[in-house]
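Survey of secondary and tertiary structure
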There are 2 protein chains.
Amino acid sequence: MSKFTYSFKEGNANMRSLLGGKGANLAEMTNLGIPVPQGFTITTDACRAFFENDAKLPEGLMEETFTRINEIEKETGKSFGSKDNPLLFSVRSGAVFSMPGMMDTILNLGLNDEVVIALSNKTDNPHFAWDSYRRFIQMFSDVAMGIPKYEFDDILDDIKNEENIVNDQELSVDGLKKIVNKYKEVYKKYIKEDFPTDPNRQIELAIKAVFNSWMNPRAKTYRRLHKIDDNLGTAVNIQSMVFGNMGDTSGTGVCFSRSPSNGENKLFGEFLMNAQGEDVVAGIRTPNDISKLKEINEEVYNQFLDTIKSLEKHYKDMQDVEFTIEEGKLYFLQTRNGKRTAKSALNIAVDMVNEGLLTEEEALMKLEPNSLNQLMHYQFDPQALENKTVVAKGLPASPGAASGYVVFTPEEVKAKHNNGIKTVLVREETSPEDIDGMILAEGILTARGGMTSHAAVVARGMGKCCVAGCSDLRVDENKKIIKSQSGLEIKEGDIISIDGSTGAVYLGDIPKIEPQLTGNFGTFMSWADNTRKLNILTNADNPKDAKNAREFGAEGIGLCRTEHMFFNEDRIKNVRKMILADNIEDRKLALSKILPYQKDDFIGIFEAMKGLPVTIRLLDPPLHEFLPVKKSDIESIADDLNISYDKMMDRIEELKEFNPMLGHRGCRLAVSYPEIYRMQTRAIIEAAISVGDTKPQIMIPLIGDLKELKYVKNEIVDEINLVFGELKTSIQYEIGTMIEVPRAALLSDEIATEADFFSFGTNDMTQMTYGFSRDDSGKYISDYIDKGIFKVSPFESLDKDGVGKLIKLSTELGRKGNPNIHIGVCGEAGGDPDSIEFFAEVGLNYVSCSPFRVPIARLAAAQAEIKINNSK
Amino acid sequence: MSKFTYSFKEGNANMRSLLGGKGANLAEMTNLGIPVPQGFTITTDACRAFFENDAKLPEGLMEETFTRINEIEKETGKSFGSKDNPLLFSVRSGAVFSMPGMMDTILNLGLNDEVVIALSNKTDNPHFAWDSYRRFIQMFSDVAMGIPKYEFDDILDDIKNEENIVNDQELSVDGLKKIVNKYKEVYKKYIKEDFPTDPNRQIELAIKAVFNSWMNPRAKTYRRLHKIDDNLGTAVNIQSMVFGNMGDTSGTGVCFSRSPSNGENKLFGEFLMNAQGEDVVAGIRTPNDISKLKEINEEVYNQFLDTIKSLEKHYKDMQDVEFTIEEGKLYFLQTRNGKRTAKSALNIAVDMVNEGLLTEEEALMKLEPNSLNQLMHYQFDPQALENKTVVAKGLPASPGAASGYVVFTPEEVKAKHNNGIKTVLVREETSPEDIDGMILAEGILTARGGMTSHAAVVARGMGKCCVAGCSDLRVDENKKIIKSQSGLEIKEGDIISIDGSTGAVYLGDIPKIEPQLTGNFGTFMSWADNTRKLNILTNADNPKDAKNAREFGAEGIGLCRTEHMFFNEDRIKNVRKMILADNIEDRKLALSKILPYQKDDFIGIFEAMKGLPVTIRLLDPPLHEFLPVKKSDIESIADDLNISYDKMMDRIEELKEFNPMLGHRGCRLAVSYPEIYRMQTRAIIEAAISVGDTKPQIMIPLIGDLKELKYVKNEIVDEINLVFGELKTSIQYEIGTMIEVPRAALLSDEIATEADFFSFGTNDMTQMTYGFSRDDSGKYISDYIDKGIFKVSPFESLDKDGVGKLIKLSTELGRKGNPNIHIGVCGEAGGDPDSIEFFAEVGLNYVSCSPFRVPIARLAAAQAEIKINNSK
């Protein structure tokens, strides 16, 4: 027979998966000799058995439970349901991961009309006894049985009005008795049964309620969002009650061992005397700061301080405890690692290393890499947010907080910017033409597009706040108006605020907190750098981003996209001419006019990254992305190229594609028009020579075949040699390839023979490996997540099973084909901690991510290394 | 030192790659004891060395050549350049594969002003000698040195005019001498050197000319078209001359051992007495039928007959020989396997088995599977074609010959068809809405789209003649006019003829030859069926195709697409309502109206395939393909669904995708709207139950993940069980999946655990593995072919290296995950012989192809099996 229950004395902190976090901690504390009210835990196995058994408690569970209760009765001398010396219990859920949405706590279980009298007699405190009873009925009804809370609040208010009092504390015993009776009536109205008087029945119902709460919608949603497996189940903790409301020598409180907001090494907590747990947070009485306890009971305070510090030492982490003092005796009801802000986490980690409590490696494991985001971006002041209503919610595409006037075009952003006015650029979706506006706006809000849409990717690259795919909103760019599904209208010139970390949209301006990269940040990151093996490069397309990234610790550029450079006002016309030319002379002429600009671009970037590698990807997107749309633009180009407007329209029509993602782009352009890559190569090499101390890495996108690579590489090398000849000098360079086409991954042994490096483009690779269009998949991937097929979109976090298998295979084959090759990632996944762990395991040499993710990647890479070493 | 030359006595037929086809055959004949003029072959190694050496003859080659000449001089007693008893040579190219575009033949090499006199004296035939000389100069100048032929023709004509004669034969010796002098002047004019008088110099120049001709543009184009490696190189055959023009006991001719047009076992050839080779084909004198030779010289005739029959026996194939009779002595100059029509090939193969000359397996290897196409489709009468001009050329998308009135819409096809008028449907490109028109038209001509465009795929499926991607033409569907680049205009109502086997477009009607599937066809195919292991299924979407395919030998349906069924007039409105519904009730209502039609579709198909497996693919294409475009259609649907026109337009807009190929399609639709697949499943199962004796195989497209498959399969199984319950019966069925998404291939071990079968969709797989959009890639793949990166589009013939690697991996993993799984192919490659060979090697269970390719696939599968067995 299974063992479904563990006494606190039997368990320990390593048994989380069986006993849940809370149960394991209570057991651990018990075994540490910390005063914990006695109790036991029903295992998560029992919960799984419950769901496998059609929501019936597994056989033997209740028998075991009663045996445990007997044990506690023996030790305490109290008795469950006793009319002399009653034993009461609290019942709490306890999942492996702390999780809101589940059943919280039922206190005082075991009370009934007779036991309450015993309690009253025993404590000589009828107020306490009846107050406990009415609380129990309410909690049981509300928490376990799902009866609406307002029913009980209304009764309480009625009686308080009758008695003409404000505080619950002042209720008369008679009033409490009345309340108890009315509460029972409510129970019967909803449940069609009398309130259960049998304590054994009470505990059985409570256990079922905890189990059922595991599957309530809020809990399920939470698990989906946090990628927690539905199959883990929850444990149930049953613990004998101690009372903080037994008079003035009793009390209760909560406390952090250090500050959860800034990490200061000082107790941070509150308590109330003569109160039960919920009173502390209810806000009716004002709790005391924890320091006040010293005045009230110095002995207890010192015991408390010693215990919390020993817990901190034991758990090697800042603790969040609940405690109760029953008639002068201190009990710890719970301890757990305290939740904290990123700032607090960072400071605590560094302090604990200094205090000798943690090793550097242990400290590195304490921070969720993504939490560093909070340190690097503006945040809305939490207090200011309290009065704000979220009017729409999109995807948290790029973290930060921004407020500004609503505008709909990049031109308008620029105009306002010139007048010193802050703006939020709102678009149905952005396109490369919006870049200038995106740079100058405070933030970007789009109605369409996912976490990897153009707006999202570009904004993250810039560290610009962005809310994308806000499907509540319809953006009418012509009428310059946003309409929400609820009927709200936002017009050009209205002020909005957007939170790129949550996806929330607010009306009006909201005060913000500045990013603070304190001294501890540098210390902490240097530990990460000493630990990690992966190099962290950045994706940067301009000198500003490059400088930013370098400050964030980037060790070079892993992806410099050249296409954005083509949209600049001064050159777009020649870019268009280049595309629309129907002969090589016209194309070369147009390219020759773009060359000086490109060279300047690269000079700026090489200077910003002097001494570090810079990987430049040659032109990648389908040419038609650059096509003119406006009639006047088309006419002007037709004139310049000396062909008719109709012929020009024909050519534009010809360039349209059904599936541009799989179309004429990347190195395919260079096969058709080698002169484009030649111009870019020339610009790169001339710039590198003129800047000096740089080693350009030329990256060819979308390679799928060895012969294709040879052809394109040959053109590039030939051009490089031409430049060397003309300038009578030479420099070091490398030529490598993106690996994004599945075929290239499958044939990496061949391809590696002609490549100095590989760079996985995880976005395109995911698109082709899954057959999911990044631009279109938002619509259906949400169905996949709703139906439990996916936990997360493969564009958000690398699909390790499929795309990962291909990356692993390609890496192995690539190293076989060329033992000196260096291999990395430059797709979105390069900045995702979970994916970085995978890349480290596969043994890649580097990841490249957007500048603002560089510190995150540095930490994630360090953590990955630690995990790898620990698993050895 | 390399050995660059082989005497005919040294070589044999197995040395083709070194000696070329002609050289290997001459050697083989020599060693068979057949009278062949003595000679030797310069190897293809020498040719490769020539090109590696900057087009210089490799060291030692000429020395070896002269040694060989010495040997021949010794054996013949003649001497090269001799003024007494001169030895002359022919020089011919000889590649491994017979190949037009290369240097042909130079005869009489070794002649000069002195040798010609020796020849004249020796033969006592000055006319012959001088005629040989002037022919030599002309051939050498034209063939070896590239001097325009008209220069020589003009001179010849001038002298003939002077002498007032018609036939070359009648020229006076003086006339011939004049011609020789004038020819030499032409030579000097072009080459800036005197005509080379030194026979050694002549032979060196001729060898170089042969080598250089390997790289001439026509030869390169031919190789590209026929996928022949540029590196093979050509051999050079140098053979002592024998003369058919030494008088009335001399002659020359060509002969097939059997009829190349119908295979009849009877000599088929022509000869001329007192003539050299070119006279037979020049058409100036009318050659005699080979039977006439018996009358002229019975001994020679009998020797000829014996020899050609022994050659046939030796080569186990019909022979095409060139022969010369020199003063009553018979020489064979060449033998090779004769080119023949498919009809001839088939009849010869069957006859030779009956004659005991070939085994059945050997016979099966004699036919190029694709050549069966000729037997199954209408062909233009070759004689009628002679007077016809090709006005445009597109891709030979679906074989056959068709003539009819030009129309531009499917409606017009139907209208004309109702009046018994034949039409050719001309479209910019076809879409699924054109199906009805495509069925009724004689042929289809499109201006855009490749070999796997909609028009091409559908036409091949129907066995309908189609020329696709005829980019010479601009089709203006509004003005109902076709314009060609040359300015030609074709209007609605004009008659055109199109040849789907060549891609040619002609004006006017052209007589056609009917397909003939004679008795030998059945015999031959039964041998193929006994040999092959692969099952051959068909792709068929309607009962007519299914019946057709069954007649062609299909063993079931491997792919029945259901989407085409949705376009039918009676149902498209409900299909659209289904798509545009924004709630499940409206969608279910619309689906319930489609259900009876779908059921009828399946009943028809199951009946046509009774007793055989039928694999039905559930809905695959993106829904927006079905969307209404016409305003009236949109309004009517909006009315029916009770929503506004604007809202309907919004919904249509919402459904648009950037990359529909990677969009919301296939099983992704079923994840979002499981009710669609449920309706289809119900239709399939109800139909199967009502027809009986059928085992439906339900195929889920675009699966990429095990959980996704489980989800969709679960819906299908649930619906099947509902139907079983309602009808109180059950039948056998299977549920399998397409493997087309690379991820599914990579994770086939997992996926196979839930699949009864796999079917590779090679088109989609190629799209995703290469990242090539099938609809767009035509534009750039042609650049890849031009630049030698690809030999052939991966959509035409399976990319074995990349996509093939994935198929192999998936097959291995699939069998590991489910040892009972059956695995096949239903993409375009399923009908491509080259790909079929690969599928057989990988060990697939079946291929499925369009009905008209079923016999081709049967033969290809048999050949693959034979090759596999031979290589064991």
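Attention in this report is confined to the structure presented alongside it. Since the structure is predicted, the reported quantities are computational estimates derived from the model, not experimental observations. Residue positions are given per chain, counted from 1 along the sequence in the order it is written. By the order in which they are written, chains take letters starting at A while ligands take numbers starting at 1. Local features are withheld for residues below a pLDDT of 70 in this predicted model, meaning they are given only at 70 or higher, and side-chain atom pairs are given and counted only at 80 or more; totals for whole chains, interfaces and linings count all residues. Where side-chain values are given, they derive from all heavy atoms of the structure, hydrogens and water being excluded.

Residue and element names in this part refer to chain A. Throughout, an axis means a line fitted to C-alpha atoms (over the contacting stretch in the case of helices), and angles, computed between N-to-C directions, take values from 0 to 180 degrees. For helices the rule is a DSSP run of H or I covering at least 4 residues; for strands it is a run of E covering at least 2, with both sets numbered from the N terminus onward. Interhelical geometry of helix H27 (residues 674-691) versus helix H28 (residues 706-727) gives an angle of 40° and a closest axis separation of 9 Å. When the axes of H27 and H28 are compared, the pair comes out oblique. Crossing handedness for the pair H27 and H28: right-handed. Side by side, H27 and H28 meet where Pro-674, Tyr-677, Arg-678, Thr-681, Arg-682, Ile-685, Glu-686 and Ile-689 of the first sit next to Tyr-711, Val-712, Glu-715, Ile-716, Asp-718, Glu-719, Ile-720, Leu-722, Val-723, Phe-724, Glu-726 and Leu-727 of the second. Taken together, the residues of the contact of H27 with H28 sort by class into 12 nonpolar, one polar and seven charged. Every angle not falling under 35 degrees, over 145, or within 65 to 115 is termed oblique; those three ranges are roughly parallel, roughly antiparallel and roughly perpendicular. For any pair of crossing helices, the crossing counts as left-handed if the nearer helix is rotated counterclockwise from the farther one by less than a right angle, and right-handed if it is rotated clockwise. Two residues form a contact once any of their heavy atoms are found within 4.5 Å. Polar here means any residue outside two lists: the nonpolar Ala, Val, Leu, Ile, Met, Phe, Trp, Tyr, Cys and Pro, and the charged Asp, Glu, Lys and Arg; Gly therefore counts as polar.

Okay, unusual backbone geometry next. At Lys-728 of chain A, a position not held by glycine, the phi torsion is positive, near 50°. Relative to the elements of secondary structure, Lys-728 of chain A occurs in the loop between H28 and strand S30 (734-739). Despite not being glycine, Asn-274 of chain B shows a phi value in the positive range, around 50°. Counting through the fold element by element, Asn-274 of chain B comes out in the loop between strand S9 (268-273) and helix H10 (277-282). Residue burial is assigned from relative accessible area. The probe radius is 1.4 Å, only protein chains are included, and a residue is buried under 20% of its type maximum, exposed over 50%, and partly exposed in between. Residue Asn-274 of chain B is classed as partly exposed on the basis of its relative accessible area of 22%.

Moving on, we get to the relation of the copies chain A and chain B. The atoms used to superpose the copies are C-alpha atoms, taken from residues with pLDDT of at least 70 in both, and the fit is least squares. Between chain A and chain B, which share one sequence, the superposing operator has a rotation angle of 180° and an axial displacement of 0.1 Å; the RMSD is 0.2 Å. Those values place the two copies in the arrangement expected of a two-fold rotation axis. In this assembly, 100% of the residues forming the interface of chain A have copies in chain B that are likewise at the interface, indicating an isologous arrangement.

On the side of chain B, 53 residues touch chain A, which itself brings 53 residues to the contact. Together, the buried faces of chain A and chain B total about 4,800 Å²; carbon and sulfur atoms form 54% of this surface. In short, buried area is how much 1.4 Å probe accessible area vanishes from two parts on joining, totalled over both. Looking at the side of chain A facing chain B, the largest losses of area belong to Phe-658, Leu-662 and Arg-743 of chain A, adding up to 14% of the total buried there. Salt bridges are counted wherever a side-chain nitrogen of Lys or Arg sits within 4 Å of a carboxyl oxygen of Asp or Glu. Taken together, the connections running from chain A to chain B amount to six salt bridges. Between Arg-474 of chain B and Asp-650 of chain A there is a salt bridge, with its nearest N and O atoms 3.2 Å apart. As used in this structure description, the phrase polar contact means that two N or O atoms lie within 3.5 Å; if the pair is within protein, one of them must be able to donate a hydrogen and the other to accept it, and residues adjacent in sequence are counted only when both atoms belong to side chains. Here chain A is connected to chain B by 40 residue pairs in polar contact (both at pLDDT 80 or more). Put simply, the parts of the chain that give the side of chain A that touches chain B at least two residues each are helix H25 (645-655), helix H26 (667-672), H28, helix H29 (742-746), helix H31 (762-770), helix H32 (778-786) and helix H33 (803-817) of chain A. Among the residues making up the side of chain A that touches chain B, the classes are represented as 22 nonpolar, 11 polar and 20 charged.

Glancing now at the side chain of Gln-202 of chain B. Residue and element names in this part refer to chain B. Tracing the sequence through the fold places Gln-202 in helix H8 (residues 199-213). At a separation of 2.8 Å, a polar atom in the side chain of Gln-202 contacts the main-chain carbonyl oxygen of Leu-111. When near neighbours in sequence (up to four residues on either side) are disregarded, Gln-202 contacts Leu-109, Gly-110, Leu-111, Phe-136, Phe-140, Phe-195, Pro-196 and Thr-197.

This part takes up the packing of aromatic side chains. One pair of aromatic rings is described through two measures. These are the centre distance and the angle between the planes. Residue and element names in this part refer to chain B. Only rings of Phe, Tyr and Trp enter the pairing, Trp through its six-membered ring, and a pair is recorded when the two centres are within 6.5 Å. The plane angle decides the type: under 30 degrees is stacked, over 60 is edge-to-face, the rest tilted. Applying the stated criterion across every chain yields a total of 56 aromatic pairs over all chains. Aromatic pair Tyr-187 and Phe-195: ring centres 4.9 Å apart, planes at 75°, arrangement edge-to-face. The residues Tyr-187 and Phe-195 share a single accessibility class, namely buried. Judged by centre distance (5.6 Å) and plane angle (65°), the rings of Tyr-770 and Phe-790 are edge-to-face.

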